[in-house]
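Coordinate analysis (summary)
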Amino acid sequence: MTRFLCDAMLGKLARYLRMCGHDTAYALDRDGDGDIDVDVEADDAIRALAQREDRRLLTRDADLAARTEGALLLSARDVEAQLRELGEAGVRLSLPETPTRCGRCNGWLDRIEPSAPTPDDVPDPAETSVWRCERCGQHFWKGSHWDDVGRRLP
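Keep in mind it's a predicted model, so treat the numbers as computed, not measured. (Residues numbered from 1 in each chain as written. Predicted model: local features only at pLDDT ≥ 70, side-chain atom pairs only at ≥ 80, totals over all residues. Heavy atoms only, no water.)

Bringing the pairing of strand β6 (residues 130-133) into the picture now. Of the pairings in the sheet, the one linking strand β5 (residues 109-111) to β6 comprises three bridges and is antiparallel in character. Directly across from L109, in β6, lies its bridge partner C133. Bridge count between β6 and strand β7 (residues 139-141): three bridges; the pairing is antiparallel. Bridge pairing in β7 places V130 opposite W141. Hairpin connection, β6 to β7: the antiparallel pair is bridged by five residues, and G137 has positive phi, about 85°. (Pairing = 2+ DSSP bridges. Helix = DSSP H or I, 4+ residues; strand = E, 2+ residues; numbered from the N terminus.)

Within helix α4 (residues 79-88) the residues assigned to the buried category are V79, A81, Q82, L83, E85 and L86. Elements that come into contact with the buried residues of α4 comprise α1 (11-19), β3 (56-59), β4 (72-73) and α5 (144-152). Regarding α4, its N-cap is D78, as a side-chain oxygen of that residue lies 3.0 Å from the backbone nitrogen of E80 further along. Positioned one or two residues after α4, G90 has a phi angle of 95°, which is positive. (Buried < 20%, exposed > 50% of the residue type's maximum accessible area, 1.4 Å probe, protein only. Contact = heavy atoms within 4.5 Å. Polar contact = N/O pair within 3.5 Å; in protein donor to acceptor, adjacent residues only side chain to side chain.)

Attention shifts here to unusual backbone geometry. One non-glycine residue with positive phi stands out, namely D54, at about 50°. Structurally, D54 is set in the loop between α2 (43-52) and β3. Residue class for D54 comes out exposed when judged on its relative accessible area of 63%. At N106, a position not held by glycine, the phi torsion is positive, near 80°.

Structural data, given as structure tokens:
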């Protein structure tokens, strides 16, 4: 499966791709994380990051796309139109049966045991399947947001 890097203009798209199970980095998530000590909004830094991590760059910047091998230029501003453009480019866009990626940080999700304690705002895992990100600790479940995202996919 293709690994993606969304530039600074495509943060919302990164979340959708992650929900679809794609390993998707977002340039602004890297700012100050200690992995790289560069301005992640600078074209050369984004190009280097995509190459170093073997990711396909997604961007709305025509110049950046032209100078980056394998980059995919998106023209739309709206995330639903961007999803249509990706679908037309052959990117698989469907929600998996079991969520695998954190929409917030791209970490892996682990299923919570039915007896595990959860925060008050999270459904009871004995009644609803709940996953937790191994990296940032965010909890996920298939609720109304999951259904809303599914309806927006092409």
